[in-house]
Amino acid sequence: MSRITVEVDGVSYSDDVEPRTLLVQYLRETLGKTGTVIGCDTSNCGACTVHLDGRSVKSCSVLAVQADGHAVTTIEGLATGGELHPVQRAFNTHHALQCGYCAPGMVMSSCALLAENPDPSEQEVRDGLEGNLCRCTGYQNIVKAVLAAAADDAGAAPEPETQTAGTTSGGAQ
Ligand code: FES
Ligand code: FES
């Protein structure tokens, strides 16, 4: 087992994990952050996308030990003070989901995309989201939502601040 300390959605956690534990498994099974979902076993679908130090990563392709000492933001940490993140609001307004399974990853990738490029063209949005698959093929409204969020200056929305330090979950205390 390896001891890791990771800030997730603004809260610091210290846990013992097996070296082979994937970040997505740690988030879901140890921390109960089931908003981050698993949609494939080939690192293809992007449903598991989270931010690692503000950059989007597929959490099924990252080991939990690689997140040691870093900050992770999941879909559950985007809303602040009971207010949806502008990208979440835009997905809602523009009906950018059908079954919703891809939505957590789509939203996280969209936020990272807008943080890097606050005023993307439609093609840049499509290119930026090419690592995220929607089995319901709802791409049109997803792109519409991201463009609307860009118009709303969603790229300026910050990652969550640390709320409490030293909270320990799961592992030996
Ligand atoms: Fe991670 Fe599909 S579950 S890419
Ligand atoms: Fe169903 Fe995208 S809305 S997978």
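Below: a short report on this structure. What you see is a predicted model; the values in this text were computed from it and never measured. As a convention, each chain's residues are numbered from 1 in the sequence order in which they are written. Labels follow written order: the first chain is A, the first ligand is 1, and so on. Per-residue local features are limited, in this predicted model, to residues with pLDDT of at least 70; the limit for side-chain atom pairs, both in listing and counting, is 80 or more; totals at the level of whole chains, interfaces and linings are taken over all residues. Values shown for side chains rest on all heavy atoms present in the structure; no hydrogens or waters enter the calculation.

## Overview of helix H2 (residues 86–93)
- Burial classes follow relative accessibility: with a 1.4 Å probe on protein chains only, a residue under 20% of its type's maximum area counts as buried, one over 50% as exposed, and anything between as partly exposed. Helix and strand labels come from DSSP, where a helix needs a run of H or I of at least four residues and a strand needs a run of E of at least two; each type is numbered from the N terminus. Within the span of H2, buried status applies to Pro86, Val87, Gln88, Ala90 and Phe91.
- Note on contacts: a residue pair is in contact if any heavy atoms of the two residues lie within 4.5 Å. Tucked into the core, H2 has its buried residues touching helix H3 (103–116) and helix H5 (139–151).
- Remark: His95 follows H2 within two positions and exhibits a positive phi of approximately 50 degrees.

## So, the nonpolar core
- In plain words, nonpolar cores are sets of buried Ala, Val, Leu, Ile, Met, Phe, Trp, Tyr and Cys residues tied together by side-chain atoms within 4.5 Å. Within the largest apolar cluster, 23 residues are counted, with the highest numbers of intra-cluster contacts made by Val87, Phe91, Met106, Val107, Leu114, Leu129 and Ile142.
- Here Ile142 is in contact with Phe91, Ala96, Cys102, Met106, Leu129 and Cys134, once residues within four sequence places are set aside.
- In terms of nonpolar packing, the next biggest core, distinct from the first, is built from 17 residues, Tyr13, Tyr26, Leu31 and Val50 among them.

## A word on the pattern of salt bridges
- Salt bridge criterion: a side-chain nitrogen from Lys or Arg within 4 Å of a carboxyl oxygen from Asp or Glu. This model, assessed by the stated rule, comprises four salt bridges.
- In this structure, Lys33 engages Asp9 in a salt bridge whose closest nitrogen and oxygen atoms are separated by 2.9 Å. Linking Lys33 in the loop between helix H1 (23–30) and strand E3 (49–52) with Asp9 in the loop between strand E1 (2–8) and strand E2 (11–17), this pair joins segments that are 24 residues apart in sequence. Both residues of the pair, Lys33 and Asp9, count as buried.
- Taking the shortest distance from any N to any O, the salt bridge between Glu18 and Arg20 comes out at 2.9 Å.

## Remarks on the pairing of E1
- Sheet topology note: the E1/E2 ladder contains seven bridges and is antiparallel. Bridge pairing links Arg3 to Asp16 in E2.
- Here E1 hands over to E2 after two residues, with Asp9 in that stretch at a positive phi of 50 degrees. Two strands are said to pair when DSSP picks up at least two bridges between them.

## Brief notes about the sheet that holds strand E4 (residues 55–58)
- The five strands are arranged E2-E1-E5-E3-E4 in an open sheet whose pairing can be described as mixed. The strands lining the two open edges of the sheet, one partner per strand, are E2 and E4. In this sheet, neighbouring strand axes are inclined to one another by 40 degrees on average, regardless of whether the strands run parallel or antiparallel.
- Each axis is a line fitted through C-alpha atoms, taken for helices only over the stretch in contact, and angles between the N-to-C directions span 0 to 180 degrees. The strands touched by H1 within the sheet are E1, E2, E3 and strand E5 (71–73), with E2 carrying the most contacts at an inclination of about 105 degrees.
- Strands in contact with H3 are E3, E4 and E5; relative to E3, the strand with the most contacts, it is inclined by about 35 degrees.

## Here we look at H5
- Here, expected helix span is obtained from the residue count minus one, scaled by 1.5 Å. Helix length check: H5 (13 residues) gives 18 Å between terminal C-alpha atoms against 18 Å at 1.5 Å per residue, within 8%.
- Residues of H5 that are buried: Ile142, Val143, Ala145, Val146, Ala149 and Ala150. One face of H5 carries all of its buried residues, which in axial projection span an arc of 160 degrees.
- Just downstream of H5, Asp153 is the residue with a positive phi angle, here 65 degrees. When we speak of the arc, we mean the arc of directions from the helix axis to the C-beta atoms.

## Digging into the packing of H2 against H3
- One can describe the packing of H2 onto H3 by two numbers: an axis separation of 9 Å at closest approach and a directional angle of 125 degrees. Here H3 runs oblique to H2, going by the angle between their axes. Seen from above, H2 lies across H3 with right-handed handedness. From H2, Val87, Gln88 and Phe91 reach across to H3, where they touch Met106, Val107, Ser110, Cys111 and Leu114. Note on angle classes: values under 35 degrees are labelled roughly parallel, values over 145 roughly antiparallel, values of 65 to 115 roughly perpendicular, and the remainder oblique. By convention the crossing between two helices is left-handed if the near helix lies anticlockwise of the far one by an angle smaller than a right angle, and right-handed if it lies clockwise.

Structural measurements only, silent on function.
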